[in-house]
Amino acid sequence: MDKVKILVACHKPAKVYQDDVYTPIQVGKALHPDLDLGYITDATGDNISSKNGNYSELTAQYWAWKNLKDVEYIGLCHYRRYFKHLVTFENIDTILGNHADVIQVERLEESIDLATRLMLWTSREDYYIFLMCLRKVHPEDFSKALEYLGGNMFSPFNMFIMKKNLFDEFAKWQFEIFSEMEKYVRLSSYSRQKRLYGYLSEPLLSIYAYIHNLRVQYDKQSDWPNERSWQDYSLKDRINIFKTSLSFRLYHGFRRHSAPAPEDFAFDAVRAGMKNDGIVIK
């Protein structure tokens, strides 16, 4: 049995950290059969690789849940986002051990509550279906989930490290919600909004930890293991970094006295998605 395996989700050629613990996995392989990054893929065994456009890095989560068996700890990060501290076979017991159940990225404190954030990234219809399906498949967890969704803090990026048996329980809980949602959701034809389950999943592990009183240990997020994270910069530099971030631009784009103009930064993500869809308005 492997002590720990951290999957690094990749969808295009890029510089990727890898060793005996960090294992790159190509996501969405079923959608891009001609693209071969040279890694294991999410299109083997029991998988939902063909749903990567809707589920984003969750196709790697699903693959790990269904196909990784002989591993004690499991984790997930991204080719451009890692936990700051390098995880090894030797230090994983010290990092988690008996004093924590899960490692997540340090929480973000939003200017809006999580419910509003999810509706902003998806739609009110999608969010309503999410709530109804959550209540349907996990009625005992619904009130606690609403409590958390009314707050404004969560750990982003779907990054985690935890015992594999605990992850399996969370994955089952999570994908039961999404499986039920698929019966009702009408997916958008826009590529950005197609990532519905990727958006909705981002606070789900935080919600699950809250419901089940899991002990969470937080680590900073970095572009590369053992390198500086944005929290390590001076306050002045952090403010400048934050002012270029999507969260800042979205908040100030939609929370002003006047509506944002079509060319404003509030629509950066929309324009990027439309470009991907081949939509050009002249």
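A brief report on the enclosed structure follows. (Residues numbered from 1 in each chain as written. Predicted model: local features only at pLDDT ≥ 70, side-chain atom pairs only at ≥ 80, totals over all residues. Heavy atoms only, no water.)

Time to look at the pattern of salt bridges. All told, the structure shown has 12 salt bridges when counted by the stated rule. For Asp168, the salt bridge goes to Lys164, with nearest N and O atoms at 2.7 Å. Highlighted residues: Asp168 and Lys164, both in helix 7 (residues 164–181), separated by four residues, approximately one helical turn. Across the pair Glu176 and Lys172 runs a salt bridge, and its minimum N-O distance is 2.6 Å. With Glu176 and Lys172 both in helix 7, this residue pair falls four residues apart, about one helical turn. Since its relative accessible area comes to 30%, Glu176 is described here as partly exposed. Sharing partners across several salt bridges, the network here consists of Lys3, Glu72, Asp93 and Lys163. (Salt bridge = Lys/Arg side-chain N within 4 Å of Asp/Glu carboxyl O. Helix = DSSP H or I, 4+ residues; strand = E, 2+ residues; numbered from the N terminus. Buried < 20%, exposed > 50% of the residue type's maximum accessible area, 1.4 Å probe, protein only.)

This paragraph deals with the packing of aromatic side chains. Each aromatic ring pair is characterised by the separation of its centres together with the angle its planes make. Under the definition given, this model contains 18 aromatic pairs. A ring pair is formed by Tyr55 and Tyr197, whose centres lie 4.4 Å apart and whose planes are at 20°; its orientation type is stacked. Of this pair, Tyr55 sits in helix 1 (residues 52–55) while Tyr197 is found in helix 9 (residues 196–201), placing the two residues 142 residues apart along the sequence. This pair shows no difference in class: Tyr55 is buried, exactly as Tyr197 is. One aromatic cluster in this structure is built from Tyr55, Tyr62, Trp65, Phe175, Phe178 and Tyr197. Positioned over the ring face of Trp224 is Lys15, at 4.6 Å from the centre of the ring. Lying over the aromatic face of Phe142, Arg135 brings its terminal NZ or CZ to 5.4 Å of the ring centre. (Phe/Tyr/Trp six-rings, centres within 6.5 Å; stacked < 30°, edge-to-face > 60°. Lys NZ or Arg CZ within 6 Å of the ring centre and 35° of its normal.)

Phe130, Phe167, Trp173, Phe175, Phe178 and Met181 are the most contacted members of the largest nonpolar core, which totals 53 residues. Excluding residues that lie within four positions of it along the chain, Phe167 makes contacts with Gln61, Ala64, Trp65, Ile74, Phe160 and Met162. Formed by 25 residues, the second largest nonpolar core is a distinct cluster that contains Val4, Cys10, Val21 and Leu37. (Core = buried A, V, L, I, M, F, W, Y, C linked by side-chain atoms within 4.5 Å. Contact = heavy atoms within 4.5 Å.)

That is the geometry; function is a separate question.
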